Amino acid sequence: MNIEQLFKNNREWIENKLRSDSQYFEKLAAGQQPKILYIGCSDSRVTVEEILGLEPGEAFVHRNVANLVNNVDLNVMSVINYALDHLNVDHVVICGHYNCGGVKAAMQSVDLGILNPWLRNIRDVYRMHMDELNAISDEAKRYDRLVELNVEEQCVNVLKTAAVQRGVRNRGVTVHGWVFDLRNGMVKDLQIDFHTKLEKIREIFRLD
């Protein structure tokens, strides 16, 4: 890759934006009011603005390997708190993707060094859903299903946070679990019943 080309691309992008709106950057610098918190994977093939047709300022974005919401990760916890309590987003989206390298790595019984504690979160998802996953004989389909179950469990982790519970209770914030399919470009809504899931964990995780 020619790094200088990236600066050229940037200048062309600026020119294109100013041609369509001479005040584009003044508006961009004035502040952000995103309605969506998007937590996705760091995979270079999956960019929220590109796949959802969003402009800068329309989504508050956090990305990490395999789109995890880990309660001891101060990065993601800070993002969630800021998005819900200060930006007042209306929607929290956890978006995984099929062919996820992090999920694939977690399925392997190998020592991956510093990645081990991070991937353990996905291995725990496998453990919790072992009977369902092991019943899938086709490895590719099992891989796809683990991607979906990982999204579901990360959504549950989001619902456990005080900021999201306040948002749900006071402002009707909604949580969404999606998967992006690299093979056809489609975003799939997993249609997870979060109301039922929140009720199941309310006794332990409700934070009034």
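A brief look at the structure comes next.

What counts as what
Residues numbered from 1 in each chain as written. Predicted model: local features only at pLDDT ≥ 70, side-chain atom pairs only at ≥ 80, totals over all residues. Heavy atoms only, no water. Buried < 20%, exposed > 50% of the residue type's maximum accessible area, 1.4 Å probe, protein only. Helix = DSSP H or I, 4+ residues; strand = E, 2+ residues; numbered from the N terminus. Pairing = 2+ DSSP bridges. Contact = heavy atoms within 4.5 Å.

1. Side note on the pairing of strand β1 (residues 36-41)
Residues in a regular strand project their side chains so that they alternate between the two faces of the sheet.
And step 1. Of all six residues that make up β1, five are buried, and the element is covered over most of its length.
And step 2. The pairing of β1 with strand β2 (residues 59-64) spans six bridges and is parallel. Note that in β2 the partner of G40 across the bridge is R63.
And step 3. Here β1 pairs with strand β3 (residues 91-97) via five bridges, running parallel. In the strand pairing of β3, G40 is matched with C95.

2. Considering the side chain of H62
And step 1. Secondary-structure assignment places H62 in strand β2.
And step 2. Other than its neighbours up to four places away in sequence, H62 contacts Y38, I39, G40, N75, V76 and V79.

3. Observations regarding the side chain of D144
And step 1. Counting through the fold element by element, D144 comes out in helix α8 (residues 139-159).
And step 2. The buried category is assigned to D144, whose relative accessible area is 16%.
And step 3. Apart from the residues lying within four places of it in its own chain, the contact partners of D144 are Y98 and R183.

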